2 protein chains.
Amino acid sequence: MHATPPPSRASANRSAVKRLREADPVLVDVQRALDVVPGMTPDTILTSGAQLDWPQYTGGQARAIAYAAIFEGLAADMPDAAAKLRAGHIKVRACHDHSCVGSVAGVYTASMPVLVVENAANGNRGFCNFYEGDSRRRLNYGSYDADVHRSLCFVRDVIAPTLGAAIRRGGGLPLKPIMKRALHMGDELHSRNAAATLLFARAVTPMLLELALDGAATQVRQVLQALAGGDYFFLRVGMAAAKAIADSAHGIEGASIVTAMAWNCREFAIRVSGLGDTWFRGSLPTVQARFFEGFSMADLEWIGGESVILETVGFGAFAQAAAFPLQSYQGGSAEAMVQMNLAMYRISADEHPDYQIPYLAFRGTPIGIDIARVVETSVVPLCDVGLAGRSGGQIGAGVLTPPLDCFVDAWKAFGQRYPDSNDGRPLNVQSE
Amino acid sequence: MHATPPPSRASANRSAVKRLREADPVLVDVQRALDVVPGMTPDTILTSGAQLDWPQYTGGQARAIAYAAIFEGLAADMPDAAAKLRAGHIKVRACHDHSCVGSVAGVYTASMPVLVVENAANGNRGFCNFYEGDSRRRLNYGSYDADVHRSLCFVRDVIAPTLGAAIRRGGGLPLKPIMKRALHMGDELHSRNAAATLLFARAVTPMLLELALDGAATQVRQVLQALAGGDYFFLRVGMAAAKAIADSAHGIEGASIVTAMAWNCREFAIRVSGLGDTWFRGSLPTVQARFFEGFSMADLEWIGGESVILETVGFGAFAQAAAFPLQSYQGGSAEAMVQMNLAMYRISADEHPDYQIPYLAFRGTPIGIDIARVVETSVVPLCDVGLAGRSGGQIGAGVLTPPLDCFVDAWKAFGQRYPDSNDGRPLNVQSE
């Protein structure tokens, strides 16, 4: 079937994929979420996954939301936070509905700084808040204590304003050259961002130098130290870029391309370009994981995640043959990584002309996950992810397998929405 | 045979390889060659390969030597340089005999700055002069004009003193962590140094910032620009490190491990740990090349080269499965790169415990090229190299295949020098 989709869907998918190919993400600013995130209010907290009512959030994700309320000064303590959330005095909203993407639990508050990435080819913007640092205990992993609080304040008061000043001074930083090169340097830009972080640091260093000479030497020293210390600094930049890329392909009539994947504590969910803002919700994913010393599968908890926006636009597991060093972080073998990467081409509508994988003879990364191909092949989009533990903090990393059910539901809805296309019909994989 | 070498050779080789494993190269300074290179004099020019008498140097290598004399102010023009070289008023010496290694023609003059790398595990030092920049026309490729002269002066007057001050301010820069990480980021540290250059730049940036704040802002801006502009800046740092590593394994009684490979315009040559400073000279190498647009094999000229010191200690072609992006630079396929890399294990006595290749499940790089294994298997040590053209300048890159003859000669000499070991006997590969 996928060789000959009905003309309307094929043409719509080409339009969607064209947006993915031509997207041109540029880091243009760093600002307070309240000032730039659409629909953000002082009493809003954004969290990962399809929107739930507050009582449905449980475990680490509920904790992260309540902790965020405390960090923001919206609540005095956990009982106070829970009461105000229950009463709706503190609002919980889905990141994706505000042009944001959340890392793990993904909590955003109004005062948090966000990276502002503009897609120069389309004019739309994507946002992401900041990497908290290399501690395994981080608010986005459902942890909160004096150290976590201090890290968040350091990001807000030192890293973000200094970096923002540097970016503005430089007139914005094009991200595509960095992401393109990082794929040639062992990154797949999701679970491995070591090269991209280095390239990013090198690109902003001249601007930071000028800031230091203008009197901000102390802050610049701290920013350089943070950039040198953390191999994941670029992850959030890449996520904002991926959101800006993916959103530009959303809302194209008749297109069966996935434009968002996310999970909350209860369900994995996807959005499809031609199916509006409906989340197609499925069961929770499974994972092939490698745990840090002292942890096991029994400690794993799903507390949300939207970093898979990177897979949605062809990075992460869709480029894992570019990142063999990941074996030591998330397990597996080089051969398995190549095979998994190749499988992603089966469910993708195109290959990116500029983002390339050296091991695969510079083949472009697979882009444009087509729900028709997923349902047809039963191959789901794999995702390279960090894993959260029941007691908070990161406990490992792995390759996540989303459920097929949400893709099947989306495909049914596609057939209902576009009956003339003869799509959405039950697919018999055996007959292919 | 190689499974059971005679006890004395086996034990000597273990000692030699132990030096390779334990070497700990640290960039400790940048100084004028005259001030730090052993035996350097104002009228000495160092060049690549086993020592020849002046009249035997021809083509691009002879030109590079004469140009170097002009650059240094030892001669007014080419006829003057030739006359003084012929008369011995300007002396030509082999880099390797002065703890230096030459890139391509490898010319050093007294006023040129050199990177000073100390092997902290052994106390010995290796030196290398500086990368001239990204132009294809460079003195080390036998080119000389106003631009080449300007680049050499810029390196001497701006890059070297500023970097030297930064290195001294930082108390020296350990190189092993940079080289180890770069192998996980697409470098094999010979024909690809993109990651190592980035890591090096990041490591020196804090020191450069302090220099800028102390009044050297103009120079620091230029150094940052040079580091950002050139993906090969680290090559010379790595070569000095490799020389410091290789020399520490040289001179071990009874060891059949190669400690230097080099070529001049006439011959490829090797040195062996247990065979003193004798060069075993063979024919010129062959090469599988990829040429820049407009060039072909007919334009190729051998004008010297000692960057293969990197292969001698387990980098370059010995780590090419770490650097798949090289396909676009020197040709070949990922599969061929893996096979060539695996072949290098057959002629190596050990695997490095710390320098690892992610694609090969983090297998250590092959180290300790054993002439016995080379002769036995007829597998020669492959080398990733840049290629020089007849009319000067770089014209491409490729994988070089040294001749077998110099290894056979060295093996015969080994048998004469160590008759009790029953080594050096003619080897019948078929009988293995």
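The rules we used
- Residues numbered from 1 in each chain as written.
- Chains lettered and ligands numbered in written order.
- Predicted model: local features only at pLDDT ≥ 70, side-chain atom pairs only at ≥ 80, totals over all residues.
- Heavy atoms only, no water.
- Least-squares fit on C-alpha atoms with pLDDT ≥ 70 in both.
- Contact = heavy atoms within 4.5 Å.
- Helix = DSSP H or I, 4+ residues; strand = E, 2+ residues; numbered from the N terminus.
- Buried < 20%, exposed > 50% of the residue type's maximum accessible area, 1.4 Å probe, protein only.
- Polar contact = N/O pair within 3.5 Å; in protein donor to acceptor, adjacent residues only side chain to side chain.
- Buried area = accessible area lost by both parts, 1.4 Å probe.
- Salt bridge = Lys/Arg side-chain N within 4 Å of Asp/Glu carboxyl O.
- Nonpolar A, V, L, I, M, F, W, Y, C, P; charged D, E, K, R; others polar.
- Core = buried A, V, L, I, M, F, W, Y, C linked by side-chain atoms within 4.5 Å.
- Axes fitted to C-alpha atoms, helices over the stretch in contact; angles between N-to-C directions.
- Parallel < 35°, antiparallel > 145°, perpendicular 65-115°, else oblique.
- Phe/Tyr/Trp six-rings, centres within 6.5 Å; stacked < 30°, edge-to-face > 60°.
- Lys NZ or Arg CZ within 6 Å of the ring centre and 35° of its normal.
- Domains from an automatic or database assignment.
- Pairing = 2+ DSSP bridges.
- pLDDT = per-residue confidence, 0-100.
- Lys, Arg positive; Asp, Glu negative; His and termini not counted.

Further remarks concern the relation of the copies chain A and chain B. In the superposition of chain A on chain B (RMSD 0.0 Å, axial shift 0.0 Å), the rotation amounts to 180°. Both copies are brought into coincidence by an operation consistent with a two-fold rotation axis. Residue A:Met185 of chain A places its C-alpha closer to the rotation axis than any other residue of that unit, at 2.2 Å. Looking at the interface residues of chain A, 100% of them are also at the interface in chain B, so both copies use one shared face.

Our focus in this paragraph is the side chain of A:Thr47. All names here are of chain A. Its location among the elements puts Thr-47 in strand β2 (residues 44–47). Its relative accessible area of 0% is what places Thr-47 among the buried residues. Here Gln-61 takes part through its side chain, which lies 2.9 Å from a polar atom of the side chain of Thr-47. Beyond its immediate stretch of four places on either side in the chain, Thr-47 contacts Tyr-57, Gln-61, Ile-65, Val-92, Arg-93, Ala-94, Cys-95, Ala-105, Gly-106, Val-107 and Glu-306.

Glancing now at the interface of chain A and chain B. At the junction of the two partners, chain A supplies 31 residues and chain B supplies 31 residues. Taken over both partners, the interface formed by chain A and chain B buries close to 2800 Å², and the fraction arising from carbon and sulfur atoms is 67%. When residues of chain A are sorted by the area they lose upon contact with chain B, A:Leu198, A:Arg202 and A:Tyr359 head the list and together hold 23% of the total. Inspection of the chain A/chain B interface yields four salt bridges. The interface formed by chain A and chain B includes 11 residue pairs in polar contact (both at pLDDT 80 or more). Those elements that provide at least two residues to the side of chain A that touches chain B are α7 (194–229) and α10 (327–330) of chain A. Sorting elements by how many residues they give to the side of chain A that touches chain B places α7(A) first, with 16 residues. Classifying every residue of the side of chain A that touches chain B gives 20 nonpolar, five polar and six charged.

Of all hydrophobic cores here, the largest spans 188 residues; its most connected members are A:Phe200 and B:Phe200. Among all residues touching B:Phe200, those that are not within four sequence positions of it are B:Leu27, B:Leu163, B:Leu173, B:Ile178, B:Leu227, B:Phe233, B:Phe234 and B:Val237. Core analysis: the next-biggest nonpolar cluster, separate from the first, contains 39 residues, B:Val375, B:Val380, B:Ile395 and B:Leu400 among them.

Attention now moves to unusual backbone geometry. Within the chain, A:Ala361 stands out as a residue other than glycine whose phi angle is a positive 55°. With respect to the helices and strands, the residue A:Ala361 is situated in the loop between β12 (348–357) and β13 (363–369). With a relative accessible area of 54%, A:Ala361 lands in the exposed category. Positioned with a positive phi, B:Ser99 is a non-glycine residue whose angle comes to about 60°. Position of B:Ser99 relative to the elements: it lies in the loop between β3 (91–94) and β4 (113–119). Owing to a relative accessible area of 18%, B:Ser99 belongs among the buried residues under this scheme.

Our focus in this paragraph is the packing of helix α3 (residues 59–71) of chain A against helix α4 (residues 78–87) of chain A. Residues and elements named next belong to chain A. It is the contact of α3 with α4, at a shortest axis distance of 9 Å, that shows an interaxial angle of 105°. When the interaxial angle is binned, α3 and α4 end up roughly perpendicular. Across the interface between the two elements, Arg-63, Ile-65, Ala-66, Tyr-67, Ala-69 and Ile-70 of α3 pack against Met-78, Ala-81 and Leu-85 of α4. Of the residues in the contact of α3 with α4, the class split is eight nonpolar, no polar and one charged.

Before going further, it helps to examine the environment of B:Pro353. All names here are of chain B. Mapping Pro-353 onto the fold places it in strand β11 (residues 348–357). On the basis of relative accessible area, Pro-353 is assigned to the partly exposed category, the value being 33%. Considered as a pair, Pro-353 and Glu-132 are 221 residues apart in the sequence and their alpha carbons are 33 Å apart.

On to the packing of aromatic side chains, then. The tally for this structure, following the rule as stated, stands at 30 aromatic pairs over all chains. Joined through ring pairs, the aromatic side chains of A:Phe130, A:Phe200, A:Phe233 and A:Phe234 make up one cluster. Over the face of the ring belonging to B:Phe292 we find B:Arg136, whose NZ or CZ atom lies 3.7 Å from the ring centre.

Turning next to the domain arrangement of chain A. Residue and element names in this part refer to chain A. For chain A, the domain assignment lists domain 1 (18–241) and domain 2 (256–431). Put simply, the middle of domain 1 and the middle of domain 2, counted by C-alpha atoms, are 22 Å apart. For the pairing of domain 1 and domain 2, the buried interface totals around 4100 Å² over both sides, and the portion due to carbon and sulfur atoms is 58%. Taken together, domain 1 and domain 2 are joined by three salt bridges. Asp-97 is the salt-bridge partner of Arg-271, the closest N and O atoms lying 2.6 Å from each other. Connecting domain 1 to domain 2 are 22 residue pairs in polar contact (both at pLDDT 80 or more). The set of elements that each furnish at least two residues to the side of domain 1 that touches domain 2 consists of α1 (7–22), α3, α6 (176–182) and α8 (233–248). The biggest single contributor to the side of domain 1 that touches domain 2 is α3, with four residues.

Residue and element names in this part refer to chain A. For the structure on display, the rule yields 42 salt bridges over all chains. For Glu-22, the salt bridge goes to Lys-18, with nearest N and O atoms at 3.3 Å. In this pair, Glu-22 and Lys-18 are both assigned in helix α1, four residues apart and thus about one turn of the helix distant. Judged by relative accessible area, Glu-22 falls into the partly exposed class, the value being 45%.

A separate point is the sheet that holds strand β9 (residues 280–282) of chain A. Residues and elements named next belong to chain A. Reading across the sheet, the three strands line up as β7-β8-β9 and stay open at both edges, with antiparallel pairing between neighbours. Two strands lie at the open edges of the sheet, namely β7 (258–263) and β9, each paired on one side alone. Taking each pair of neighbouring strands and ignoring which way they run, the sheet shows an average axis angle of 20°. By the bridge criterion, five bridges tie β7 to strand β8 (residues 268–272) in an arrangement that is antiparallel. Paired with Trp-263 across the two strands is Phe-268, which belongs to β8.

Residue and element names in this part refer to chain A. Across chain A, the average pLDDT comes to 95, with 96% of residues at 70 or higher. Under a pLDDT of 50 for its full length, residues 428–432 has, in the predicted model, four contacts with residues more than four places off or in other chains. Reported for the predicted complex are a pTM of 0.94 and an ipTM of 0.93.

All names here are of chain B. In space, the four strands of this open sheet follow the order β5-β4-β1-β6, with antiparallel pairing throughout. In this open sheet, the two strands that pair with only one neighbour each are β5 (125–129) and β6 (173–174). Relative to β5, β4 is paired through five bridges, and the arrangement is antiparallel. Paired with Val-114 across the strands is Asn-129, a residue of β5. Across the sheet, helix α5 (residues 146–169) is in contact with β1 (25–32), β4 and β6; its angle to β1 comes to roughly 135°.

For the rest of this paragraph, the subject is the side chain of B:Arg236. Residue and element names in this part refer to chain B. Residue position: Arg-236 is located in helix α8 (residues 233–248). Buried charge Arg-236 goes without a salt bridge, the closest partner of opposite sign being Glu-132 at 4.8 Å. Of note is the side chain of Arg-236, whose polar atom sits 2.8 Å from the side chain of Asn-129.

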